[in-house]
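Structure assessment
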Amino acid sequence: MGWTRNIRVAALVAVAALGLTACGGGDDKPAAAGKGGAPIVVASFNFTDSQILAEIYAQALEAKGYPVTRKLNLGSRELIYPSLKSGELQFIPEYQGSAIAAGFGKDPVKDAKGEHEQLAKLLEPSGVSLLDYAAAEDKNTYIVKADLAQSKGLTTISDLKKLDKVVLAGGPECEKRLTCFKGLTDVYKLTNATFQTVQELGPRVQQLDSGGVTVIPVDSVSPQAGDSKYVALKDDLSMVPTENVVPAVTKKVLDERGADFAAAVNAVSAKLTTEGMRDLNKRVDSDGEKAADVAKDWLSQQGLV
């Protein structure tokens, strides 16, 4: 989904003013010999799943001899899209539905193939193209405490109408997005819902656990989505679109690098699954492993390096 932990607008402005060279998660690794040319700048949003995916694609490209520069943990689309358009960033693993809704303010068609075509058209004027999308989805999932769900009979988002008061905690951008709080009020017509800004996932989960808030968005690939302490509410009115992972790459890079480059990227996408990504996310978020290490393991297990 790509946005549940975005940085604040003030920080966006500050970072944009400083330039993206001030950002980055992890050291740039030396380029593998073989393909030459300027390094391909691979970026990620500022949450675990995106960073792992960026590492997977970056390492797969390096294994094929393509030089790569990493700009990880950058923030939200509001920061990244202008830099993608300018060519300062050249490759980012995107999430189709959120890219359409949050990146362009359009309604996603809500099937993977249709969204791929829709997003490709939206990105085309910016000089950005899409490669194959993966089966893996990282979509916004709404969780409540299991005991609350049991006592009040909550199985769907519509069931939140049964409560006297609903407090949704999310990042600041959630309040205005149809896939988040605005969806509760505009799609589900909840008149009992209020919004609370809680920037990071950790504090958000703590607020949920303590009863300070009722419901929070988490990624479908996050450990919480499969934890028996919580119930993931069914999105019965399809507020959240499908969110297949798809590499967005500048046309310049695709033109310069050719079919072998596209094939190397598509080979990675063909192996990505939601369950597999949940396991990798758990290894980083719960077990404390590094994104680069779990990416390397995964690529090795898939026979891609």
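Residues numbered from 1 in each chain as written. Predicted model: local features only at pLDDT ≥ 70, side-chain atom pairs only at ≥ 80, totals over all residues. Heavy atoms only, no water.

**A look at helix α3 (residues 77-86)**
What α3 keeps buried is the set Arg77, Leu79, Ile80, Tyr81, Ser83 and Leu84. Phi turns positive one or two residues past the end of α3, at Gly87, with a value near 90°. (Buried < 20%, exposed > 50% of the residue type's maximum accessible area, 1.4 Å probe, protein only. Helix = DSSP H or I, 4+ residues; strand = E, 2+ residues; numbered from the N terminus.)

**Some remarks on unusual backbone geometry**
Trans peptide bonds make up most of the peptide bonds, and negative phi angles are found at most residues other than glycine. At Lys189, a residue that is not glycine, the phi angle is positive and equals roughly 55°. Mapped onto the elements of the fold, Lys189 is located in the loop between α7 (181-186) and β7 (193-197). Of note, Ser238 is a non-glycine position whose phi angle comes to about 50°, a positive value. By the secondary structure assignment, Ser238 is in the loop between β9 (230-233) and β10 (245-250).

**Points about the pattern of salt bridges**
Throughout the structure, instances matching the rule amount to 14 salt bridges. For the salt bridge of Glu78 with Arg177, the shortest nitrogen-to-oxygen distance reads 2.8 Å. Within this pair, whereas Glu78 is found in helix α3, its partner Arg177 is found in the loop between β6 (166-170) and α7, the two being separated by 99 residues in sequence. Note that Arg283 is salt-bridged to Glu289, the shortest N-O span being 2.8 Å. (Salt bridge = Lys/Arg side-chain N within 4 Å of Asp/Glu carboxyl O.)

**Notes on the environment of Thr214**
The residue Thr214 is located in the loop between α8 (201-210) and β8 (216-219) in this model. Between the C-alpha atom of Thr214 and that of Lys145, which follows or precedes it by 69 residues, the distance is 7.8 Å. Here Thr214 is in contact with Ile143, Val144, Leu148, Leu163, Lys165, Val166, Val167 and Leu208, once residues within four sequence places are set aside. At a separation of 2.8 Å, a polar atom in the side chain of Thr214 contacts the main-chain amide nitrogen of Val167. (Contact = heavy atoms within 4.5 Å. Polar contact = N/O pair within 3.5 Å; in protein donor to acceptor, adjacent residues only side chain to side chain.)

**Side note on the state of the cysteines**
Note on terminology: a disulfide is the covalent bond linking the sulfur atoms of two cysteines. Throughout the structure, instances matching the rule amount to 1 disulfide. Between the sulfur of Cys174 and that of Cys180 lies a disulfide, 2.0 Å long from S to S. Note on the Cys174 and Cys180 pair: the S-S dihedral is about -80°, so by sign convention the disulfide is left-handed. Judged by its relative accessible area of 1%, Cys174 is buried. Cys180 sits in the buried class, given a relative accessible area of 0%. (Disulfide = S-S within 2.5 Å.)

**A few points about the pairing of strand β1 (residues 40-43)**
Successive side chains on a regular strand alternate, one facing one side of the sheet and the next facing the other. Of the two faces of β1, the one carrying Ile40 and Val42 and the one carrying Val41 and Ala43 are both buried. By the bridge criterion, 4 bridges tie β1 to strand β2 (residues 68-71) in an arrangement that is parallel. Residue pairing across strands places Val42 opposite Arg70, the latter belonging to β2. One crossover worth recording links β1 to the parallel β2 by way of helix α2 (residues 48-63), and it is right-handed. (Pairing = 2+ DSSP bridges. Right-handed = clockwise from strand over helix to strand, strands pointing away.)

In short, the description is geometric, and any link to function would need to be established separately.
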